[in-house]
Amino acid sequence: MAGEHKRSQVATSRRSNSFFKTMLYNGVAAVASKTAVAPLERIKLLLQCQPELIKTGRLHAPYTGITNCFAQLVRGEGVVSLWRGNLMNVVRYVPYQAGVYFASQEIRSLTKKHTKVRSLVHFAAAMTSGSLAGLVGISVSYPFDYIRTRLANDVREKGGARSYQFRGILDVYRRTVSSDGIVGVYRGFWTTALGAVLYRSFYFAIHATVIDHAHVGKGPFAPLYSHSAFGLSVLTLLCTSLLVYPLDTVRRRMMMRSGAAVKYRGAIHCAQAIVEREGWRTLYRGGTINIVRSFAAASMLTCFDKVYYAWKQSNR
């Protein structure tokens, strides 16, 4: 009995060490990735939300494209401003991605114990684990995402005649809660939750299933993975990102109405208003930069996969 108890303690300790080491890998990769593409993140958010900025008088004329937006930011606010809001993005991204990844792994490991056949049942189990993991991550990180969005869309035009609307992280939170209550920092939450469910369901169902088969050297995906791991990651990210991008635009626009006198009644009302006034293409504004971000994320994901599985192999 004592020997079994000791072996159980050793196994638990090894699982704990594995968890924290993997979290460290994931956290470092996330911080490096998000900081590197922060300028693209801010430009993407400004292109998505510029109609709201024009309505409130924070922006006099719309950006004509990525280059124009970049040039105006540098002229009016300086190069460092391209990273405005990145701190909150990093704070949000690390626990979100780590939580989503490990929640998915744990749920999938549980479902595998009861799923003998790798078929439609296995696919459904993967989708369920991805959905639950996405909901867990978004629930705890949404206020951070809201603050990041408001800071990134806080512009100061050329000449210095205008100051920023918000002085910093705490000022965004204080002013939003003061005007709208805690609901203000969660505006657009259900749209985000829907997007998280769709994104994580398809992402983990497609990517994790393919990678699991490929890494063990079995199944039809093994030869493809060995020659095109990066391509598989890019394809997965592009498909899922394009699927949920209109929802991302809607939720960002809803966030921008917190503290305003007139708010969207909900996601459907917001989407209808955007399409009627600006056209359906507006729902995909900033999509080009989002594709570039997807490539960066795919690169990080592929590197993480290689390091993670190499580490697992070395510790067997």
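Placed above this text is the structure.
Just so we're clear, the structure is a prediction, and the values are computed from it rather than from any experiment. (Residues numbered from 1 in each chain as written. Predicted model: local features only at pLDDT ≥ 70, side-chain atom pairs only at ≥ 80, totals over all residues. Heavy atoms only, no water.)

This paragraph deals with the overall build of the protein chain. Along the backbone of the protein chain there are 10 helices and zero strands. When the helices and strands of the protein chain are listed from N to C terminus, the series reads α-α-α-α-α-α-α-α-α-α. By the burial criterion, 47% of the 316 residues in the protein chain qualify as buried. Considering only intrachain contacts with a sequence separation of at least 6, the fraction spanning at least 24 residues in the protein chain is 77%. (Helix = DSSP H or I, 4+ residues; strand = E, 2+ residues; numbered from the N terminus. Buried < 20%, exposed > 50% of the residue type's maximum accessible area, 1.4 Å probe, protein only. Contact = heavy atoms within 4.5 Å.)

In a pair of packed helices, the angle between the axes and the distance between the axes together describe the arrangement. At a closest axis distance of 10 Å, the pairing of helix H2 (residues 38–56) and helix H3 (residues 66–77) adopts a crossing angle of 110°. Between H2 and H3, the angle falls in the class roughly perpendicular. Contacts between H2 and H3 involve Arg 42, Ile 43, Leu 46 and Leu 47 from the first element and Ile 66, Cys 69, Phe 70, Leu 73 and Glu 77 from the second. Of the residues in the contact of H2 with H3, the class split is seven nonpolar, no polar and two charged. (Axes fitted to C-alpha atoms, helices over the stretch in contact; angles between N-to-C directions. Parallel < 35°, antiparallel > 145°, perpendicular 65-115°, else oblique. Nonpolar A, V, L, I, M, F, W, Y, C, P; charged D, E, K, R; others polar.)

The next point concerns the nonpolar core. Membership of the largest hydrophobic core comes to 14 residues, with the highest contact counts inside it found for Ile 138, Tyr 142, Tyr 146, Ile 147, Leu 151, Val 172 and Phe 189. Residue assignment for this core shows that the elements contributing at least two residues are helix H4 (86–113), helix H5 (120–152) and helix H7 (189–215). By residue number, the principal contributor to this core is H5, which donates five residues. When neighbours within four sequence positions are excluded, Tyr 142 is seen to be in contact with Val 185, Tyr 186, Arg 187, Gly 188, Phe 189, Thr 192, Arg 251 and Met 255. Counting 13 residues, the second largest nonpolar core, distinct from the first, contains Cys 49, Leu 73, Leu 82 and Ile 289. (Core = buried A, V, L, I, M, F, W, Y, C linked by side-chain atoms within 4.5 Å.)

Now for the pattern of salt bridges. In this structure the tally under the stated criterion is 20 salt bridges. Notably, a salt bridge pairs Glu 52 with Arg 257, separated by 2.7 Å at the nearest N-O pair. Placement of the pair is Glu 52 in helix H2 and Arg 257 in the loop between helix H8 (222–255) and helix H9 (267–278), with a sequence separation of 205 residues. Judged by relative accessible area, which is 4%, Glu 52 ranks as buried. Through salt bridges with shared partners, a single ionic network connects Lys 34, Glu 41, Lys 44, Arg 92, Asp 145, Arg 148, Asp 248, Arg 251 and Arg 252. (Salt bridge = Lys/Arg side-chain N within 4 Å of Asp/Glu carboxyl O.)

This part covers the packing of aromatic side chains. How two aromatic rings sit relative to each other is set out by the distance from centre to centre and by the angle between their planes. Taken as a whole, this structure holds five aromatic pairs when the rule is applied. Aromatic pair Phe 189 and Trp 190: ring centres 5.1 Å apart, planes at 75°, arrangement edge-to-face. Judged by its relative accessible area of 71%, Trp 190 falls in the exposed class. Each member of the aromatic cluster is reached from another via a ring pair, and the members are Tyr 142, Tyr 186, Phe 189 and Trp 190. It is Arg 84 that lies over the ring of Tyr 164; its NZ or CZ is 3.8 Å from the centre. (Phe/Tyr/Trp six-rings, centres within 6.5 Å; stacked < 30°, edge-to-face > 60°. Lys NZ or Arg CZ within 6 Å of the ring centre and 35° of its normal.)

Glancing now at a nonpolar patch on the surface. Judged by side-chain polarity, Leu 242, Val 275, Trp 280, Tyr 284, Ile 291 and Phe 295 come together as a nonpolar surface patch covering roughly 550 Å² of accessible area. Structurally, the position occupied by Trp 280 is in the loop between H9 and helix H10 (287–314). (Patch = residues over 30% accessible without salt bridge, like charges linked within 9 Å, V, L, I, M, F, W, Y side chains within 5 Å. Areas by Shrake-Rupley, 256 points an atom, 1.4 Å probe, with all protein chains shown as cover.)

Turning our eyes to something else, we now look at H9. Along its 12 residues, H9 runs 16 Å from first to last C-alpha, staying within 8% of the 16 Å computed at 1.5 Å per residue. Of all the residues in H9, the buried ones are Cys 270, Ala 273 and Ile 274. Each buried residue of H9 sits inside an arc of 100° when the element is viewed along its axis, so together they form one side. Along H9, the residues that are exposed and aim more than 90 degrees away from the buried face are Ile 268 and Glu 276. (Expected span 1.5 Å × (residues − 1). Arc of directions from axis to C-beta.)

A few words on the environment of Arg 175. Along the chain, the position of Arg 175 falls in helix H6 (residues 169–180). When its relative accessible area of 33% is taken as the criterion, Arg 175 is described as partly exposed. For the pair formed by Arg 175 and Gly 259, sequence separation is 84 residues and the distance between their alpha carbons is 7.8 Å. Once you skip the residues sitting within four places of it in the chain, Arg 175 turns out to touch Gln 165 and Phe 166.

Turning our eyes to something else, we now look at the side chain of Gln 50. Within the secondary structure layout, Gln 50 lies in helix H2. Taking relative accessible area as the criterion, Gln 50 reaches 3% and is therefore assigned buried. Look past the residues within four positions of Gln 50 in its chain and what remains in contact with it is Leu 59, Pro 62, Tyr 63 and Arg 285.

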